[in-house]
Every structure is written in C-alpha cells, then in structure tokens.
Amino acid sequence: MIHEEWAGAKGRSGLVLSVPLLVIIMISEACSHHLFCRFSLLFEYHPWLHVLWVLLVGFSPLSLGTQPQSSLKIEGDITLGGLFPVHSRGPAGVPCGEIKREKGIHRLEAMLYALDQINSDPDLLPNITLGARILDTCSRDTYALEQSLTFVQALIQKDNSGVRCSNGEPPIIPKPERVVGVIGASGSSVSIMVANVLRLFAIPQISYASTAPELSDNSRYEFFSRVVPPDSYQAQAMLDIVKAMGWNYVSTLASEGNYGESGVDAFVQISREAGGLCIAQSIKIPREPRQGEFDKIIKRLMETSNARGVIIFANEDDIKRVLQAAKKANLTGHFLFVGSDSWGAKSSPIEDQEEVAEGAVTILPKRASIDGFDQYFTSRSLENNRRNIWFAEFWEDDFKCKLTRPGIKYDPDRRKCTGEERISRDSQYEQEGKVQFVIDAVYAMAHALHSMHMDLCPGSMGVCEKMDPVEGRMLLQYIRSVNFNGSAGTAVMFNENGDAPGRYDIFQYQMSNVSNPGYRIIGQWTNHLRLNLEEMQWSGGDRKIPESVCSFPCEPGERKKMVKGVPCCWHCELCDGYQFLLDEFTCDMCPFDMRPLKNRTGCRPTPIIKLEWSSPWAIIPVFLAILGILATTGVITTFVRFNDTPIVRASGRELSYVLLTGIFLIYLITFLMIAEPSVGVCAIRRLLLGLGMCISYAAMLTKTNRIYRIFEQGKKSVTPPKFISPTSQLIITFILISVQLLGVFIWFGVVPPHTTIDYDELKPPNPEFARGILKCDMSDLSLILCLSYSIVLMITCTVYAIKSRGVPETFNEAKPIGFTMYTTCIIWLAFVPIFFGTAQSTEKMFIQTTTLTVSMSLSATVSLGMLYIPKVYVIIFHPEQNVQKRKRSFKAVVQAATVSTRLSQKVNDKQNGESKMEPDRSQ
C-alpha cells in the first residue's frame, strides 16, 4: 500500500508542490483555533501519516514551536546512520527531555570510537573512510521515525523543474548524503518504527539493544539485524532459571510497549509449550501510569501471594517504582524478581531500594568491559570532542556545572564549568552495558562492506563504481554472512532472521554476607543453563531457595486434586481407609489381604492372627474345661470302681457311661476351638462340636422318656411299656446320636473341612489395627446348624422333664434331670444374644469362641453336678446308704406312684376348697 502511495506521489509533479502548501494552510488554521494538540495526537497514533507528512512537507508537526534537533555529522567515503537515545522522552508536547548519560552519550561515543578504530585499521576497508550521520531518537518512536527520514532523503527523487532563482536560473541543490546502513536503534518500539521505513528503501539496519521477538519476523523486518539475542532466547533463559530454582507459579510484569509486552508474551508462550509452569497474573504497566498505579500493581500481585516469583520485562523507571511500591507496602523480601536485560546489572533501578531488590536474579547478554573504550572515553574533554554536538550538555550533567552557551540563560545556583574537569576523576564513571554491542554492530557493518568491496572492487583503491551507490539488498546478504570475533572476543554472527546467538550472563543482587554489595555473576546461558545454586543467597543472607509455588507438594499418602484450569495448583487429599497412592493423582484400594503402608505409598500384607493359648479369651475357657475334665474323670473312675453297687446300678449304668462320655467330649471341644486351625483340627471340630452335646442330651432324653412312659403306662395297666430295658435304651440313644453323625458326614462330603483367613472380620477403620484371622471355614450359620440338633434334643428332654415332674423323687431321676435341663436352657438363652450381639465387634472371633466354649462347659458342669456329683458323694462319703433296698415289682411301684399322685391332688383340692369357703364363714 505504501509503495503504491509513494509511487503515486512521485508521479504527480504538480501535487508535490501543491500538497505542502495546502497542508501548511491547514496547520495555520488549526493553530489559530488551538487544535494543534489534536493534530499532534493524530500523528502520534497514525505514524504512516507522519511519514507521508515529513516526506512531503520536510518537517514534523511535532516540532512546531520547538527547536529542531541537530544531528552529528562525520565526513567519509561511505556514510553510516546512527540512532541513539541521547535524550529521554519529553513531557506531553515536548519531544525530548533530559540528556541520558549512559544509554545516550556512552553508546554514541562507542560508535565514534568504533569508527576511529576501523578508519585507522589498514586491514579493514583500506583507503575507505567511514563517515556517520548520527541522530537523537529522544526515546520516542514517533520522533525517531521523523529523524530517520533524514537517512532516505538521498533516495527521494524530487521534481524541481518548476523551481527558478530570482535571475531565472535553476537552483543549485547539493546532493544529499547517502546512508548505506543504520546502526540502531535502542528501544524495540523505536527499531520497529524505523525498520518499517528503512525497509521501503532497502537500507540495512543493525541494532545494538533491541530484543523484541517481533523483530525476528524476517517477512516483515527483512532488513533488520541485531548483535544482541532476541527476547525469545532471553525468555527461554529466564524460564530455565525459574525451573532450576524449583518454581512453578510466577507472575509477570511488563511495561507497555513492544519490549515489555513481547518479552512477556514470549515467556508465556515458551512456558506453555514447555509445561510445568503456571502464570498467576500478567500485569501491564501503563505507558503513562497514574498516581498510585504501582501501589495497585503490588496489591494485585499479593492476590496470588504464593506466586512470589515475578518475571519483569520493564524499563528502568518502572522497575524502580515497582520496588518503591513494594517497600512502601512493607513487603521487603517477599517478592523474588527475575529481571530481563533492561534491568541487567544496572545500579540506577535499585538506587535506595537495595533491601527490596536483594536476591533479584537478572539477565544480561554476555558482555565484557572494553578497556580501549574506557581509555578513549575518559580522555574526552570539551576541547578534543567538539564533533559530538551533545557533549557539552553531557559535561554539564556529569559534573553538575554550567557552561556559558549562546541562547542559554546562566543559572546562578550552579557552579560554572572550568573545562578542566575529567571523566572518572571528577565524576563517577562505569562503562554502559551495551557499549560492546554498539562497537560490534559498527564492526559488523564494516566487515560486510569490506567483504562486498573485496568481491565487487578487487584491487581497487577506495569505492569503485559498483559500490557507488551501495546496493542495500546485496549489502544485507554480506551482513548476514559475517563471522568475526567481536570486541569482547566472542563470535559475532547472524542467523537467517538476523538474530545473534543467545549468550547471557546471570546475575544476582546480593547484600548480606558479602564485603561489597552488588551484582554477582551466578551462571551463564548459552542455549542451555549453567547455574551455580550454591552461590545464590536471598534476603537476610539465607541460602535456601525460597519457594514460589501455587501448591506445596503433598505429603506421602496424599493425592493431588487439581484445580480446574490451573495445572500447577492442586489440593491435597489423604488416601483414607484401606487406600494407597497409586500415582500422584489416584488413590486405589489395597488387595483384600493387604493393608496400606503407614505413608500409604504402597500396600503390605495384613498380619495373620489366631486365638493364642496365652490370651485372656482362652485362659478362662481352658481353666473351666480342665476342671470339668478332671471332675468327669473322677466320676467315671468312681462309677467304674463301684460299678456293681446299688447306686450305680440304680442310675442306669449303661446310659450313665454314655452321658458321661458326652460330658467329657463337651469339655474336650474347648481345646479344639482354641487350637491353631488346620485341616485335621477343623475336621475334629465339626465332629465333636455337636457330638458331645448330642450324646449327653440323647442319653438324658432317653432316660426321661423311659420314666415318663413307665408311669403313664402304669396309669392305664400294670403291663410294662416296651423298650425300657438297658439294651433298648442304648439302642434308642445310639439311633439319636447317629442322626448327628450322619449330618456331620454329609457336611464333610459337601464341604470338605479346610482353613481360611478371614480379612473382613477384623477390619476396623484404622488399617493399622487390621488383622487376618486364621480359622476353620465354619460360618456362624454352620455353627448353629451343627448345634441345632443337640438343641432340639435338649428342648425335647426339657419337655419330658416337665411332664415327669410329678413322679416321686424316691422312684426316679426325673427331677434332677428336670433341674439340669431348666438350668441348661437358661445358659443357652444367655448364649444367643451374647454370641450374635458381638457380630460387629472387632474381637468378634475371640468373644464368640469364649462364649461358646464357656456355655458348653457350664451346661456340661450343670449336668455333671446335678446328676452325678450327689451320687459320688454318697458312694464315697456315705457308703452305708449305698445298700440294696427291698425289691418291688413294677406293679407295686406303679401303685405306689399312683397313690402318691392322688394324695397330692387331694391336698391341692382341699387347699382350694378352704380358700373358697372363707367368704361363707365371714357371713
């Protein structure tokens, strides 16, 4: 578009003269109506209108009412342009402000020094003198754009055919100098503006300080090159530093403009691609900050206080004001700054803010102090440096004195300069950081011209016709091909985009535990990071790297629950219960036979336990069982020894031995229930658990049934009932027992006995107390079914005992058996709630085993105590009672029993009748 507009302007000769006249009239009218400020604003935000204006009119509207700035001119065979921020940005309506000593004069003098060195070098561009046209950008992109148009004036073909002198002769117009290449500019925004113009006229440009990644776009800025690496390298280096310190959550702070915004954009883009780093906030510092703006910025940064690391791409003034605001907010030592090369190793941004800046890590393109420049610059004076038109102004600012100059009012408050002052002796001097790169940029242009001269003018002294004029596109090819050792001894070269290789020094500002507070080199970056973490120290001299993380690492056994949209932030959740940490984001259940480690990073086997003989749950049942076995053995021994005595014979020897065997087995089962489970133990448990009770209650049922049948039969006839002989009684008993045995053997066949480890029974909420219980594969239901037949026998026996309660005590054992069964029922009724009520207890197995064994031992003890202990007592201690009594026939026994029963009934009827007659007597 610009090419077309420019071609149209050149093609219409009449327009070239008429347009400026028209515009001048418009400006005059605008000024008369006080609208010039708006007109200036139009050019400020539409730089292409500014370009066309200057090309057509020849001066800038922004300079109306101000003194036009001069340029520094050095004669030579080939002229190079130079752009330097000699002055700072002026206030509104004023293009230039105060002089900049380091960034302006130091860098400008570095170019003059480099030209002197090249022109005196017989091997570089021999017999060719390099000249220069150096302009002041005033740190303002629009003003720099206007100034840079000076470089293209020689390329503009103006139609002067209609111009005549007063005598009618055509005017003699001197041919403007032709600039073959430009050194500069400094700020990225200035370089971008200038590069757009120079590209139109194919003038190569080499910057010594512009680092914006945008300038690497070869399709838009094809004639732009730089001897400093772009911010994309710097951003990568800063990202590597952040990661090396273990940070994953930082904020970014950028000055508004190409440098700050593009630097932060590059950092954010690279960090997003690399992963592992999150940006808490990206804050932009306005170009014209309002009152209290920096206090608001600090307040915003504290909204994400965990993001202590602050990546800052800002100019010196903004850096200083950020530090001031942090100090004002009493946040000294909280923020951990990582500064770009605009901070570098400069002292001005941290002046009077050293405590806040302590620990700040900054980056600067690898550089070296050029001793030759120091000697050159410190020897400059007002007498020997008249070529630098801004040197007198620098002199006044550096030595805080005043020179008498035409047009400048004398200030009585400042002393008069003597001219005898000397740099470094009478003022503080430190070589500006970009001096090396200014020199390298000039040498790069010189080496490219030298190579071009060697190819186009072989053997020619001076500039030949092929280099007059120098063709810009060809010179660009030679610039991109240079490769030489620069002023610091490092290689100077360019890639296809015109970028220099990335080489950075990494600094940290240290105050504590050092003899000389200041910036200290702690590492380097040349495509990869080399950082000496041991040499770093932070606020108060602490050598431990502070943390800048969104979330702290989870404790062992805790999983990360990510915050949606922020991959560096998470909440830690404990893997509870029987879960372990499968990976950093997932908890998983341990296998059924395992429990988590204490730190829940894995699983471990659950300990296996069994009821030990030393356990209190085992000691009591075993003690009762031993006493019972001893007592049963004593009874059996007594009965065997006195087997033929009347008492033993009267008690029914055969069934008594059967019943005592059952009692013995009931006591014996206690040891099997406590013994360590095995296949054999489990098999015997199944067999004996119900068998002992079955034998006992089968024998007692047979006895009570026999008594009941005898006396019931006697009421009807004197004929004895069937199956009351000892043999019949044994057969009936064994038939009843065989039912239990049959059920047990069927159980053996269906489910063979085996052991199992129950991990669910003892699995409390705290896995530390989880245990696997080794036991026989016998459920509570199986246990009850095993005992159910014996319980049926017990209940049936109790029923017959109740029915036989009226039989005289002298004739049978019905009443002792009845009392035995009543007591046994009470024991087993108490057993049921205890056994099933502890099903949810953590010690269920122990309680149920103890309850079962104690209940069985008590029931056996009741049977033994009520049926046999009295007989043994008589046999041993009262043998005189163990004698044969007169035999009576079955008929006599029945008659006696019947009479006794009738007498009992009459007594009861008489008592009832007396009670009924009492009311009659009262009448």
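In what follows, the structure referred to is the one given above.
None of the values given here were measured: they were computed from a predicted structure. (Residues numbered from 1 in each chain as written. Predicted model: local features only at pLDDT ≥ 70, side-chain atom pairs only at ≥ 80, totals over all residues. Heavy atoms only, no water.)

### A word on the overall build of the chain
A count of helical and extended segments in the chain gives 26 helices and 29 strands. When burial is assessed residue by residue, the chain has 48% of its 923 residues classed as buried. Total accessible area on the chain stands at roughly 44,800 Å², and carbon and sulfur atoms take up 56% of it. (Helix = DSSP H or I, 4+ residues; strand = E, 2+ residues; numbered from the N terminus. Buried < 20%, exposed > 50% of the residue type's maximum accessible area, 1.4 Å probe, protein only. Areas by Shrake-Rupley, 256 points an atom, 1.4 Å probe, with all protein chains shown as cover.)

### Considering the packing of aromatic side chains
Here the structure, examined in full by the defined rule, presents 21 aromatic pairs. Judged by centre distance (6.0 Å) and plane angle (55 degrees), the rings of tyrosine 504 and tryptophan 525 are tilted. Of this pair, tyrosine 504 sits in strand β18 (residues 504-510) while tryptophan 525 is found in strand β19 (residues 518-525), placing the two residues 21 residues apart along the sequence. Of the two residues, tyrosine 504 and tryptophan 525, both sit in the buried class. Three or more aromatic residues joined by ring pairs make a cluster, and in this case those are Tyr113, Phe373, Tyr376, Phe377, Phe391, Phe394, Trp395, Phe399 and Tyr429. (Phe/Tyr/Trp six-rings, centres within 6.5 Å; stacked < 30°, edge-to-face > 60°.)

### Describing the sheet that holds strand β6 (residues 179-183)
Across the sheet, six strands lie side by side as β1-β5-β2-β6-β7-β8; this open sheet has mixed pairing. For this open sheet the edge positions go to β1 (72-74) and β8 (224-226), each flanked by a neighbour on one side alone. Sheet twist, expressed as the mean angle between neighbouring strand axes with direction ignored, is 20 degrees. Relative to strand β7 (residues 205-207), β6 is paired through two bridges, and the arrangement is parallel. Its bridge partner being in β7, isoleucine 183 is matched across the sheet by isoleucine 206. (Pairing = 2+ DSSP bridges. Axes fitted to C-alpha atoms, helices over the stretch in contact; angles between N-to-C directions.)

### Concerning the sheet that holds strand β9 (residues 249-255)
Backbone-to-backbone hydrogen bonds pair the strands of a sheet. The strands run either parallel or antiparallel. Pairing is mixed in the open sheet, where eight strands are placed in the order β10-β9-β11-β12-β13-β18-β19-β20. Edge positions in the sheet fall to β10 (278-285) and β20 (529-531), since each has one partner strand and no second. With strand direction ignored, the average angle separating the axes of adjacent strands in the sheet is 25 degrees. Note: strand β11 (residues 309-313) against strand β12 (residues 336-339), four bridges, orientation parallel.

### Focus on the pairing of β19
Pairing of β18 with β19 involves seven bridges; the strand directions are antiparallel. By the bridge assignment, glutamine 508 is partnered in β19 with arginine 520.

### Comments concerning the packing of helix α21 (residues 726-750) against helix α22 (residues 780-803)
For any two helices packed against each other, the geometry is given by the interaxial angle and the distance between the axes. Close contact between α21 and α22 brings their axes to 10 Å; oriented N to C, the two are set at 170 degrees. Taken together, α21 and α22 sit at an angle that is classed as roughly antiparallel. Across the interface between the two elements, Leu736, Val739, Gln740 and Trp747 of α21 pack against Ser782, Cys786, Tyr789, Ser790 and Leu793 of α22. Tallied by class, residues from the contact of α21 with α22 come to six nonpolar, three polar and no charged. (Parallel < 35°, antiparallel > 145°, perpendicular 65-115°, else oblique. Contact = heavy atoms within 4.5 Å. Nonpolar A, V, L, I, M, F, W, Y, C, P; charged D, E, K, R; others polar.)

### A short note on the nonpolar core
Ranked by internal contacts, the top residues of the largest apolar core, which has 69 residues, are Met111, Leu130, Phe373, Leu449, Met467 and Leu475. Tallying contributions element by element places helix α15 (residues 435-456) first for this core, with 14 residues. (Core = buried A, V, L, I, M, F, W, Y, C linked by side-chain atoms within 4.5 Å.)

### Describing the environment of leucine 864
Among the secondary structure elements, leucine 864 is positioned in helix α24 (residues 844-867). Here leucine 864 falls in the buried class, since its relative accessible area comes to 3%. Between the C-alpha atoms of leucine 864 and isoleucine 663, which are 201 residues apart in sequence, the distance is 7.4 Å. Leaving out residues up to four positions away in the same chain, leucine 864 has contacts with Gly628, Ala631, Thr632, Val635, Leu660, Ile663, Tyr667 and Ile869.

### Describing helix α9 (residues 258-274)
Taking 1.5 Å as the rise per residue, α9 with 17 residues should run 24 Å; its terminal C-alpha atoms sit 24 Å apart, in good agreement. Every buried residue of α9 is listed here: Tyr259, Gly260, Ser262, Gly263, Val264, Ala266, Phe267, Val268, Ile270 and Ser271. Residues of α9 that are buried sit in contact with α7 (188-200), α8 (231-244), β9, β10 and β11. One or two steps after α9, the chain reaches glycine 275, where phi turns positive at roughly 80 degrees. (Expected span 1.5 Å × (residues − 1).)

### With respect to the pattern of salt bridges
Where charged atoms from two side chains of opposite charge approach closely, those side chains can pair. Under the counting rule described, the total for this entry stands at 24 salt bridges. A salt bridge links aspartate 398 to arginine 101; its shortest N-O distance comes to 3.1 Å. Taken together, the positions of aspartate 398 in helix α14 (residues 391-399) and arginine 101 in helix α5 (residues 101-119) put the pair 297 residues apart, joining distant regions of the chain. By relative accessible area, which is 25% here, arginine 101 ends up partly exposed. The partner of arginine 199 in a salt bridge is glutamate 222, and the shortest N-O contact between them spans 3.6 Å. Residue arginine 199 is found in helix α7, and its partner glutamate 222 is found in the loop between β7 and β8; the two are separated by 23 residues along the sequence. If you follow the salt bridges from partner to partner, you end up with Arg101, Asp397 and Asp398 in one network. (Salt bridge = Lys/Arg side-chain N within 4 Å of Asp/Glu carboxyl O.)

### A look at unusual backbone geometry
With an omega dihedral of 5 degrees, the bond running from glycine 184 to alanine 185 counts as a cis peptide bond. Within the secondary structure, alanine 185 is located in the loop between β6 and α7. Between aspartate 468 and the following residue, proline 469, the backbone shows a cis peptide bond with an omega angle of 5 degrees. Along the chain, proline 469 turns up in the loop between α15 and α16 (472-481). Not every positive phi belongs to a glycine, and leucine 125 is a case in point at roughly 50 degrees. Relative to the helices and strands, leucine 125 resides in the loop between α5 and β5 (130-136). Although it is not a glycine, cysteine 138 adopts a positive phi angle of roughly 55 degrees. Within the fold, cysteine 138 resides in the loop between β5 and α6 (141-148). Judged by its relative accessible area of 0%, cysteine 138 is buried.

### A short note on a nonpolar patch on the surface
A cluster of nonpolar side chains, Phe623, Ile626, Leu627 and Leu630, forms an exposed patch at the surface whose accessible area comes to about 400 Å². Mapped onto the secondary structure, isoleucine 626 falls in helix α17 (residues 616-641). (Patch = residues over 30% accessible without salt bridge, like charges linked within 9 Å, V, L, I, M, F, W, Y side chains within 5 Å.)

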